Each structure stands twice: as structure tokens, then as C-alpha cells.
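An overview of the molecular structure
Below are the chains, spelled out letter by letter.
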Amino acid sequence: MKLIFLGPPGAGKGTQAKIFTQKYDIPQLSTGDMLRAAVAAGTEVGKKAKAIMDKGGLVPDEVVNQIVADRISESDCINGFILDGYPRTVGQAKALFDILKSRGTDLDAVIEFEVDEDKLLERMKKRVEETLKAGGEVRSDDNPETFAKRLAEYHEKTAPLSKFYTETGHLHTVDGMAEISAVAAEVEKLLKEAEAS
Ligand code: AMP
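Let me sum up the structure you'll find in this document. Note that this is a predicted model, so its numbers are computed, not measured.

Below, the discussion takes up the overall build of the protein. Each helix and strand in the protein was counted, giving nine helices and five strands. The linear arrangement of helices and strands in the protein, starting from the amino end, is β-α-β-α-α-α-β-α-β-α-α-α-β-α. Scaling as 2.2 N^0.38, a compact globule of 197 residues should have a C-alpha radius of gyration of about 16 Å, and the protein matches this with 16 Å. For the protein, the C-alpha atoms occupy an extent of roughly 45 × 40 × 30 Å along the three principal directions. Counting only residues that meet the buried cut, the protein has 44% of its 197 residues in that class. Taking all contacts inside the protein whose residues are at least 6 apart in sequence as the whole, residues at least 24 apart take part in 72%. Total accessible area on the protein stands at roughly 10300 Å², and carbon and sulfur atoms take up 52% of it. Seen as two clouds, the 27 positive and the 34 negative side-chain charges of the protein have centres 3 Å apart.

Laid out in C-alpha cells, this is it:
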């Protein structure tokens, strides 16, 4: 299964991706995680990305497209993958089609998590609290100011992907405000339908 999980920050894409990587035995490819790893490792990409990420902006398309093209060529992606946080622009979505086409394959489905935006800031704060309680490190972009910028970027640059993937026939929408298990059940139902069609 080659899947995209789409939705604003805090919509639950990462949580659901973790559930489905186990069910389908495919990796979760989070461009945010890959970029944070590059920042931590101090690579050239990481150095360029850090300032942009700290401000809640988007890293240039050509940088993330290359990261994804390299990553999906790895052997653990042979049976598919879940893209979490990519594509984030129509340019990235078009590049992804080209990347997959060049490998003789296509997407299976795009799952969009619909959420009540007023609740997203609360979710982010809860994530920060839970991370601190567990003794983990809080993301430098998980603060109210940067979160607002990330949401604005989503509206401007990522939200148009709903229309894009409706037109390509890949889009399925789920209620991202339900309980985690209920959201997962809805996603599973949609994926079974997509597999059968
Ligand atoms: P995330 O972990 O998905 O919330 O991403 C954290 C940050 O990494 C974003 O706010 C962006 O700065 C950057 N980022 C992650 N994925 C992408 C992408 N597909 N395109 C551009 N920037 C990205």
C-alpha cells in the first residue's frame, strides 16, 4: 500500500500512521522526522532547514522531494509506505507522481483527516505536556506562535491538495476528531475498499 496521510499539524496523522505501519508492515515516512534528524546530525540539508522549521515555514520543494525520492528507493519500501507530512504543496504532489511513475508505480490512497481547528492548539499543548512528563525533548516548533504559522502555511499551501487529490481520484476523508481507535477503524474500512477496487 502506498499511502498519504493528509491533514493540518495535530490532526493525528503520525498517531494513525504508527497504527497502520504495524497492520500493513510498511514504514512511516515522516518528512518532519527526516528533517529533524538532518538538523540533529548537522548535515547541509539540516543547516538550511533548521531556521525555516523554527519559524514554521516550509522547506523548499526540491529539498524534500529529493529526501523522499531517496527514502522510497530503500528496500523496506518495497511493499509500500505511509507518507506523513508529505506532500505539502501541489508542486510536491506533482513531483511525487513523477517519482512513482519513474518506478512504474502509483499511489493507492490519500487519507485526509478532517479536524476542528479550534482544538488543534490544545492537542499540541497536550503533546508538549506528555513529552515533558515522559522526560522527552519538546520540538522547537511546538509553541503557540510557531504553531499558528504552521497552520497558516497549511491553509495557504497544503489545503489545495484536497482538490488536487479529489481530481486524481485518490482522496478519502475521515473524521479526525473521533477517538484514536474509531479513526483507525474508519481508515481501515476505507483502505479495504480502496484495495478491493
Ligand atoms: P512535521 O513534523 O510534519 O510537523 O514537520 C515539521 C516541519 O518540518 C514543518 O513545519 C516544515 O518546516 C518541515 N517540513 C516537514 N515536511 C515538509 C514538507 N513536505 N515540505 C516542506 N517542509 C516540510
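Using the criterion set out here, one finds 14 salt bridges in the structure. Here lysine 119 and aspartate 116 are joined by a salt bridge, their closest N and O atoms 3.3 Å apart. Classification of lysine 119 as partly exposed rests on a relative accessible area of 38%. For aspartate 116, a relative accessible area of 30% translates into the label partly exposed. Here lysine 157 makes a salt bridge to glutamate 153, at a shortest N to O gap of 3.1 Å. Here lysine 157 and its partner glutamate 153 are both found in helix H7 (residues 144-158), four residues apart, which amounts to about one turn of the helix. Taking relative accessible area as the criterion, lysine 157 reaches 30% and is therefore assigned partly exposed. When its relative accessible area of 7% is taken as the criterion, glutamate 153 is described as buried. Because the salt bridges share partners, they merge into one network encompassing Arg127, Arg139, Asp141, Asp142 and Arg150.

Procedures and definitions
- Residues numbered from 1 in each chain as written.
- Predicted model: local features only at pLDDT ≥ 70, side-chain atom pairs only at ≥ 80, totals over all residues.
- Heavy atoms only, no water.
- Helix = DSSP H or I, 4+ residues; strand = E, 2+ residues; numbered from the N terminus.
- Rg over C-alpha atoms; globule rule 2.2 N^0.38 Å.
- Buried < 20%, exposed > 50% of the residue type's maximum accessible area, 1.4 Å probe, protein only.
- Contact = heavy atoms within 4.5 Å.
- Areas by Shrake-Rupley, 256 points an atom, 1.4 Å probe, with all protein chains shown as cover.
- Lys, Arg positive; Asp, Glu negative; His and termini not counted.
- Charge placed at Lys NZ, Arg CZ, Asp CG, Glu CD.
- Salt bridge = Lys/Arg side-chain N within 4 Å of Asp/Glu carboxyl O.

These figures come from the coordinates and say nothing about function on their own.
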